Amino acid sequence: MILKVINHPFEFDMKNLCTIFFPYEKIKSDGEEDIVIITERADDTLIVDARVYDKTLKKTHTTSSNEDVATAMSVLLYNVLSKLLGYKPAWGILFGVRPAKLMHRFAEQYGEQGARDYFINNFLASPQKTDLAIEVMKSENKIISLSKENSFSLYVSIPFCPTRCSYCSFVSHSIERTKRLIEPYVDLLCRELVETGKIASALNLRLETIYFGGGTPTTLDAPLLTKLFDTIENHFDLSNLREYTVEAGRPDTVTAERLTALKKANVSRISINPQTFNDEVLEEIGRKHTAKQTIDAFNLARKYGFDNINMDFIAGLPNENLSSFQNSINTAINLGAESITVHTLALKSAAYMVTRERTFDLTDRLTAADMVDYSNNALKGSEYYPYYMYRQSKSLANLENVGWCKQGKDCLYNVYMMDETHSVFAVGAGAVTRLKDHKSGKIERIYNYKYPYEYIDNFDEIISRKKGITDFYNEYK
């Protein structure tokens, strides 16, 4: 598609809004295409002129002296595209990752009711999504208040999985291709943990949460997991630790030996993620396990004493219908999972050929919206509440990912990450350390190399970059 931005500085906003309506399209600034969007400012007049295949629409808006022009241009584009395509994304013109954090800022400025009105009237968000943002904001605020000025969290990246799922966008490699890298990777990861622990100790920081993610951390066998757990215990002060999470995301990696290792390390929260309880869909997305294996893994974790288990699901998976998705959510509720996270499928444009019929076909978007609405209602009706939320670029219908939990079972790490509450020291391939200064709000990032082989080959450079943590804290002390 072609997007032309004439005489105004809001190209970023225009591109993001176009992505909401045309998630499969590559946006260009010139050429010959079937979709052409022209946005223009001429003094006080805003103009949007759009052609989508054989449909055209042009609208104008005259701005007032105190009007936010960026918002006005976004609203105008939203109205044109929603009219042409025949549907209104429920989050209106909002495209950011953290709608609850934005709600928090507006609530501080205008009060809760004022913020609600602003979301609905200015951003065109639906009342339902607006109220969800308010609920999440309130839940997050309780957790955020636990963090101290010297608090930090630790993220440990295990970028290996039994197989790679077709929808995955994370740094993750199947063990069939990278098995030879696992032991040297863990050896170096332990060295990075030791160095990171020394820095945290020297800065007198308070470790609040630990999170093992990936990938699938339980792809590692029990001795390697124990090696990592022991390294953390020996080189970090765990006396203030509130939460210790390990993603046992793939049910086919949940074994008695691994659960014993987790329990011995005092891991307090795990994820066993089915994504769906439909075996046909599991096969379609490249998961080499069945729905029954997920249930068996869940029951085995219960047998080993785990009383805080999360389950992840994805709305909009290939070949998943509403009834099948409803069954998946109901199954997790009936199992008694302490938290249930509902994601919306993030789209991959490279795997899709755009045509006129597909541009105007709303089936996938409407079905995903029905799935998300069902999960919201079913979970709220079963005494779960939304405690954190984020959104991804190119998610179906611009919908959200929401973590729901039972009372007192919130994942603190998820909230601290999404709110950017305090520093997160991240170790491993693809890990990004995020440093936060509480007084100024300044955030800096330190990046590790992305892939395991890069991590191994450039380990000395990774250790060298750790000095940036100390430099940051000394600058903003």
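Relevant structure appears above.
Residues numbered from 1 in each chain as written. Predicted model: local features only at pLDDT ≥ 70, side-chain atom pairs only at ≥ 80, totals over all residues. Heavy atoms only, no water.

Caption draft 1: Fine view of helix 12 (residues 363-381). Relative to the 27 Å expected for 19 residues at 1.5 Å per residue, helix 12 spans 27 Å between its end C-alpha atoms, a close match to the ideal helical length. Listing the buried residues of helix 12 in full gives Arg365, Ala368, Met371, Val372, Ser375, Asn376, Ala378 and Leu379. (Helix = DSSP H or I, 4+ residues; strand = E, 2+ residues; numbered from the N terminus. Expected span 1.5 Å × (residues − 1). Buried < 20%, exposed > 50% of the residue type's maximum accessible area, 1.4 Å probe, protein only.)

Caption draft 2: Layout of a negative patch on the surface. Judged by side-chain charge, Asp279, Glu280, Glu283 and Glu284 come together as a negatively charged surface patch. If you trace the backbone, Glu280 turns up in helix 8 (residues 279-284). With relative accessibility at 64%, the residue Glu280 sits in the exposed group. (Patch = residues over 30% accessible without salt bridge, like charges linked within 9 Å, V, L, I, M, F, W, Y side chains within 5 Å. Areas by Shrake-Rupley, 256 points an atom, 1.4 Å probe, with all protein chains shown as cover. Salt bridge = Lys/Arg side-chain N within 4 Å of Asp/Glu carboxyl O. Lys, Arg positive; Asp, Glu negative; His and termini not counted. Charge placed at Lys NZ, Arg CZ, Asp CG, Glu CD.)

Caption draft 3: Structural view of the packing of helix 1 (residues 11-21) against helix 2 (residues 69-85). For the pair helix 1 and helix 2, the least separation of the axes is 10 Å and the interaxial angle reads 20°. The orientation of helix 1 relative to helix 2 falls into the category roughly parallel. Helix-helix and strand crossings are classified by hand; for helix 1 and helix 2 the assignment is right-handed. Contacts from Asp13, Met14, Leu17, Cys18 and Phe21 of helix 1 reach helix 2 at Met73, Ser74, Leu77, Tyr78, Leu81, Ser82 and Leu85. Class assignment for the residues of the contact of helix 1 with helix 2 results in nine nonpolar, two polar and one charged. (Axes fitted to C-alpha atoms, helices over the stretch in contact; angles between N-to-C directions. Parallel < 35°, antiparallel > 145°, perpendicular 65-115°, else oblique. Left-handed = near helix turned anticlockwise from the far one by under 90°. Contact = heavy atoms within 4.5 Å. Nonpolar A, V, L, I, M, F, W, Y, C, P; charged D, E, K, R; others polar.)

Caption draft 4: Structural view of the pattern of salt bridges. In total, this model carries 22 salt bridges according to the counting rule given. In this structure, Glu33 engages Lys28 in a salt bridge whose closest nitrogen and oxygen atoms are separated by 2.5 Å. Accessibility expressed as a relative area gives 34% for Lys28, which makes it partly exposed. Salt-bridge contacts for Arg356 lead to Asp54; the nearest nitrogen and oxygen are separated by 2.9 Å. Taken as a pair, Arg356 in helix 11 (residues 356-360) and Asp54 in the loop between strand 3 (45-52) and strand 4 (55-62) lie far apart in primary sequence, 302 residues in all.

Caption draft 5: A look at the pairing of strand 11 (residues 309-315). The buried fraction of strand 11 amounts to seven of the seven residues, a majority that puts the element mostly inside the structure. Side chains Ile309, Met311, Phe313 and Ala315 of strand 11 all project onto a buried face; the interleaved residues Asn310, Asp312 and Ile314 project onto the opposite face, where all are buried too. In terms of strand pairing, strand 10 (residues 269-271) meets strand 11 through two bridges, oriented parallel. By the bridge assignment for strand 11, Ile270 is matched with Ile309. Relative to strand 12 (residues 339-344), strand 11 runs parallel, the two sharing six bridges. Across the sheet, the residue bridging to Phe313 is Val342, located in strand 12. The parallel pair strand 11 and strand 12, bridged by helix 10 (residues 322-335), forms a crossover whose chirality is right-handed. (Pairing = 2+ DSSP bridges. Right-handed = clockwise from strand over helix to strand, strands pointing away.)

Caption draft 6: Focus on unusual backbone geometry. A cis amide bond links Gly214 with the next residue in sequence, Gly215, at an omega value of 10°. Secondary-structure assignment places Gly215 in the loop between strand 8 (206-214) and helix 6 (222-235). Of note, the phi angle at Lys394 is positive, near 65°, even though the residue is not glycine. Along the chain, Lys394 falls in the loop between strand 13 (385-391) and strand 14 (400-405). Take Lys394: its relative accessible area is 23%, and that puts it in the partly exposed class.

Caption draft 7: The environment of Thr19, seen in detail. Tracing the backbone shows Thr19 in helix 1. Ignoring any residue separated from it by four or fewer positions in sequence, one finds Thr19 in contact with Ile27, Ser393 and Lys394. For Thr19, the side chain forms a polar contact with the main-chain oxygen of Lys15, separated by 2.9 Å. (Polar contact = N/O pair within 3.5 Å; in protein donor to acceptor, adjacent residues only side chain to side chain.)

Caption draft 8: Representation of the packing of aromatic side chains in the model. Applying the stated criterion across every chain, the model contains 27 aromatic pairs. Taking 5.7 Å as the distance between ring centres and 65° as the angle between the ring planes, the aromatic pair formed by Phe21 and Tyr78 counts as edge-to-face. With Phe21 in helix 1 and Tyr78 in helix 2, the pair connects residues that are 57 residues apart, well separated along the chain. For Tyr78, a relative accessible area of 3% translates into the label buried. A ring pair is formed by Phe106 and Tyr110, whose centres lie 5.8 Å apart and whose planes are at 35°; its orientation type is tilted. On the criterion of helical spacing, the pair formed by Phe106 and Tyr110 is a turn pair, its members being four residues apart in helix 3 (residues 99-121). Residue Phe106 is classed as buried on the basis of its relative accessible area, which comes to 6%. (Phe/Tyr/Trp six-rings, centres within 6.5 Å; stacked < 30°, edge-to-face > 60°.)

Caption draft 9: Looking closely at the sheet that holds strand 4. Spatial ordering of the open sheet is given by 1-2-3-4, a layout of four strands whose pairing is mixed. In this open sheet, the two strands that pair with only one neighbour each are strand 1 (2-6) and strand 4. Here the average twist between neighbouring strands, direction ignored, is 5°. When strand 2 (residues 35-42) meets strand 3, the two strands line up antiparallel, connected through eight bridges. Directly across from Ile37, in strand 3, lies its bridge partner Ala50. Contacts from helix 1 reach strand 1 and strand 2 within the one sheet, and its direction differs from that of strand 1 by about 155°. Here helix 2 sits on the sheet and contacts strand 2, strand 3 and strand 4; the angle it forms with strand 3, its principal contact strand, is near 25°.

Caption draft 10: Geometry of the pairing of strand 4. Counted residue by residue, strand 4 has zero buried out of eight residues, so it is predominantly exposed. Both strand 3 and strand 4 contribute to a ladder of eight bridges, which runs antiparallel. If you follow Val52 over to strand 4, its bridge partner there is Lys55. Adjacent in sequence and paired antiparallel, strand 3 and strand 4 are bridged by two residues, among which Tyr53 carries a positive phi angle near 55°.

Remember, this is a structural readout, not a statement about activity or role.
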